[in-house]
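Structural characterization, general
Next come the chains, spelled out residue by residue.
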Amino acid sequence: MLIKDLRNAASSAANLARAPLGPSRAGRAWLVALALAASPRSATAGEIPTVTLTQAGPDQEMPLGSSFYIAGTLGAPSVDKVHLVFVRHSYGALGSNVHLYERPDNCAAVRSALSTIRGDVFSPPRSGVVNIGEIWSPPANGTVADRTNYQGLRDGHAALVVPPWERAPGTKDNEFKILIPKSEFFRPSARYCLLGYEISKLPKRDGEIRKALSRFGLEWPACEAKATEEERAACQKDTLARLDEAVGKAVKGLNEDARKKAVETVRAELFPTAEHLANAPRRVAQLARRWEDLAIKKYDFPDYRPIATDPLAGLAVALLARHGRGIQSFPDPAAKRIRFFTDDVQISVNHLGLFDTFDRARVAADLTPGKPGKHPPIPFDPKTVFLPDSNVSFLDVLQLSQGKVLAGGAYVPMKEIPDRVLRPALEAGSGSVPTEDKLMEIAALHDWLDRVHAALVRAWKARAEQAAAGASAPPPPDLSAQFIYASLGRWLDQVLGPCSDDLRRAAADRRAPSCSAGVSAVAPTWPGYDTPRENPLGYVVVQLASYLESARTWTQKTAELAEHLKQLSSTPLRTATIDLRVGVTAETWVFHYLTPTVGWSHLSALPGAVWINYLGVQLYLWPNPVDEPMWSNGWSDVNRLFGLEVGVGLSKGPFGPEGRYGGLAGSNLPPIFAGLALQPLPYVTASAGASFLGKRSSTLTQETQDAYVSPYVGLSVQANIPDFVAAVRGRKVTVEPQ
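Analysis parameters
Residues numbered from 1 in each chain as written. Predicted model: local features only at pLDDT ≥ 70, side-chain atom pairs only at ≥ 80, totals over all residues. Heavy atoms only, no water. Helix = DSSP H or I, 4+ residues; strand = E, 2+ residues; numbered from the N terminus. Buried < 20%, exposed > 50% of the residue type's maximum accessible area, 1.4 Å probe, protein only. Contact = heavy atoms within 4.5 Å. Salt bridge = Lys/Arg side-chain N within 4 Å of Asp/Glu carboxyl O. Core = buried A, V, L, I, M, F, W, Y, C linked by side-chain atoms within 4.5 Å. Pairing = 2+ DSSP bridges. Axes fitted to C-alpha atoms, helices over the stretch in contact; angles between N-to-C directions. Expected span 1.5 Å × (residues − 1). Disulfide = S-S within 2.5 Å.

Some words on the overall build of the protein chain
Counting its secondary structure elements, the protein chain contains 19 helices and 28 strands. Burial analysis of the protein chain (738 residues in total) assigns 49% to the buried set. Counting contacts in the protein chain only where the partners sit at least 6 residues apart, residues at least 24 apart contribute 68% of the total.

See the structure below:
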C-alpha cells in the first residue's frame, strides 16, 4: 500500500544509513534511501523507467533529470485517485543554506503547514508548476509555526503537480502508476518534499444523517416530559448515544478520526438545530389551536363608552386626535385637561364606540335621552393609525383582541396559523426545511408578532407606572404616549386571558411560561405571568425565532456537513512525504549561477563616443539556466533580475582620443570591467560599473601608462553555450540524503 510502503521504505532506509539520523529520523532515512536509488540515469529512446515503491523503498534509481514512472500499491480498495505533488521548500542563494524566505525545516513541517487543501482542487485534475496558494489554504487549526511556514512557502516557493492516476470505471486495480515528466522544476541545491495523496470516493451519507436527526429530534421532547431531572438526563443520554451510533453507521468507511469528527459535528451543531426544527412549529401549532381558549377573552365592542373612564374609548379618541382622523383636541387650562371635538366642532367628544369593522367610530357629547349630542359616524383607516413611536397600527391591536394575527397580508384567526403558515414546517419536521418563500411567510408572521408583543410590553409597563402613581381613577385623556400605552395596557387586561397552566400542557413544553400566584394585578406583565416576556404571545415569538434561526443554521450546517463528508472522502486522508534535495555539481553550479555574455561597453569618462567590445561573466544568486528565459517562471524570476558582472575587453588599445588609452595599466591585459547587471529581457542584460584601463598624458607610445578608472554602461547578450548543450542533451540531476 502506498502509505505503508512509504513508511516502511523510510524504516528500511534508516537501516542503511551509517550516521545517526537525529530528530528528523524518518525524513532523513527516506533521503538516504533515495540517495542510494537516485543517481543519474538516462532512459533510452522509447524506454521510460519505472520506480516502484515497496516496503524496502524504491526498487531502483529515481532519475529526476528525465521522465520516469512511480508505481505502488493502493492503500485501500476504495481509492479512486492518487496524486503526487512535489513541493519546493528550501532554495538557498548560490546553492548555499542562506535563505531569504521563511521555510519549514523538514517535510513533516511542510505537511503540517499544507494541511488544508482548497476545496476540491484536484477536480478536474491539474498538472504543472503552480503557486502554493493555488492548492493549499492557510492551515485552519495550525500553530503559529504552521502559519509562518505556510506564508514562507506561499511567498517564496512553488509546487509541481503531476497528472494523477485514476481508476478506470469498473476495474478493481490495487496498484497505481504515475508518470513524472521531465521538468526544470528541480533546481540544484533546492530541497523538495514529495507528497502522496490517496483519494477515496465514499457514498454520500448526509441523507442518512438527516434521517437520524429527524428521528431523534422528534424523540427528544419525550425526554423533556420526564417527571424528574434524573429521568430526563438518562433519557437524553440514551437518545444522544443512539444518535451517535446511527451517525457512526452512516459514516462507516471513514477512518476513526474522521468518524469521530463527523459524530461530534452532528451532535454539537446539528442536533440542537434539528430538535428546534422538529418541535418549535409543533409547539406553536398546538398552542395556536387553543389560542381563543387560553389567551383571549370574548370581547364585544359596545356602542358608546365614556372616554374618561373606559380604556379603549380613551385610547381610540387619543389616537384619532393625534393622527387627525376626524377629531381635534384643544387644551382647557382651567380644567387642566384636553377636550376633544369633532372636526366640524359641532359636538364635544365625550363618548366613543367602535364599529366591529374597525373603520368607523361613533361619537357623542351626551347620551342622556332627549338631549342632542350624537354625531354621524367618523370614518377612518385603522391601518394608518399607529401607536406612538411604533409601526404597530391600531388595527393590529384590535384584531389581536379578536384572536387574529396578520399572515399573508390578511388577518386570520390564530387557530388557522398551523394550516395556513406552519404546514410546510410541520411536514418538513427536522429532516429538512421548507422552501425559501415558505420561510419568508413564517418570518413575516414572526416579525409582526414580535412588533405587537413589543408594543404590549410597553403598554404593561405604562399601565404599571400609572397605577403606581396612586390615583384613585385614571387621568383624563391626552395625546401623550404615556397615556396611550397605559390605556392600551388597561384595555389588554380586559381582553387577554389570565395565566393558565393549560398553556404548558398545550405546548407540551416544560419551558413554556408558568403561572405565579404572587403576581400583582398591576404588575407590568400579561395578567398572571412572572415577567413581561413570559406569556403566550412572547412564547410564540420565541419559538418562531428559534425555528427561523434553526432553519438558517440547518441550511448552512447541513451544507457544511455534506461538504465535510465530501472532504473526508475526497481529500487526502492518507498522505505520505519524501524529503529530497537536488545535489549541486561543479558543472551545474558553474553554468546555472554563472552566465557568459558578449557585449559592448561605453566608456563614459573618455571624450567622445568610445565603445569597446567585451566578454563578461555574470553571477546570479539563483539559477539562470539557458532553457528558462527570463520571466518564464513568472514573478519568481525577480530573484534573478540582478547580478554581478565581471568582463574583459576584446582590445588592448590604443583607443580613445589620440590613442592615449589602452589596456590595464602596468600589464599586458585589456581593460577590465566590474559592475552590476540587470536582466530585463530574456537573454539581454544591461550593466553599469567601473572599467579599469591605462592612460598616457601624451601621444608618445613610449610613455608609461597611468592607472585610470572610467564608468561604463554596457549592453550584452547571454552566450551560455555549455548550459545550452547540457539542456539539449539532458541534465543530470542527483538526489542527496537529508
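Some words on the pattern of salt bridges
Counting across every chain of the model gives 17 salt bridges. In this structure, Arg640 and Asp637 form a salt bridge, with 3.1 Å as the shortest nitrogen-oxygen distance. The burial state of Arg640 is the same as that of Asp637; both residues are buried. By sharing partners, the salt bridges in this structure join Asp419, Arg423 and Glu427 into a single network.

Some points on the nonpolar core
When a protein is soluble and globular, its nonpolar side chains tend to lie buried together. By size, the foremost hydrophobic cluster in this structure holds 103 residues, and its most contacted members are Ile327, Leu352 and Phe394. Excluding anything up to four places from it in sequence, Leu352 contacts Asp303, Tyr304, Arg305, Ile307, Ala313, Ala316, Val317, Leu320, Ile327, Ala361, Arg362 and Val363. In this structure, Met62, Tyr91, Phe186 and Trp622 belong to the second largest nonpolar core, which totals 27 residues.

What to know about the pairing of strand S25 (residues 672-681)
Where strand S23 (residues 642-649) meets S25, seven bridges bridge the pair, whose relative direction is antiparallel. By the bridge assignment for S25, Gly643 is matched with Ala677. When S25 meets strand S26 (residues 684-695), the two strands line up antiparallel, connected through eight bridges. Looking at the pairing, Ala674 lines up with Ala690 of S26. Hairpin connection of S25 to S26: two residues between the antiparallel strands, including Tyr683 at a positive phi of 65 degrees.

Describing the sheet that holds strand S16 (residues 360-364)
Within a sheet, neighbouring strands are paired by backbone hydrogen bonds and run either parallel or antiparallel to one another. Taken in spatial order, the four strands make up an open sheet running S12-S15-S16-S17, and their pairing is antiparallel. Two strands bound the open sheet, and with one partner strand each, they are strand S12 (305-306) and strand S17 (374-379). As paired strands, S12 and strand S15 (residues 351-354) are joined by two bridges and run antiparallel to one another. Bridging from a neighbouring strand, Pro306 pairs with His351 of S15. Contacts from helix H10 (residues 311-322) reach S12, S15 and S16, with the element oriented near 90 degrees to S15.

A look at helix H7 (residues 229-250)
Look at H7: 31 Å from first C-alpha to last across 22 residues, which is about the 32 Å you get at 1.5 Å a residue. Taken together, the buried positions of H7 are Arg232, Cys235, Thr239, Leu240, Leu243, Asp244, Ala246, Val247 and Ala250.

What to know about the state of the cysteines
Applying the stated criterion across every chain yields a total of one disulfide. There is a disulfide in this structure between Cys107 and Cys193, and the S-S distance comes to 2.0 Å. Handedness here is read from the sign of the S-S torsion; for Cys107 and Cys193, about -110 degrees, the answer is left-handed. A residue pair is termed long-range when its members are at least 10 positions apart, and Cys107 in helix H3 (residues 107-113) and Cys193 in strand S11 (residues 191-200) qualify at 86 residues. The pair Cys107 / Cys193 is uniform in exposure class, with both members buried.

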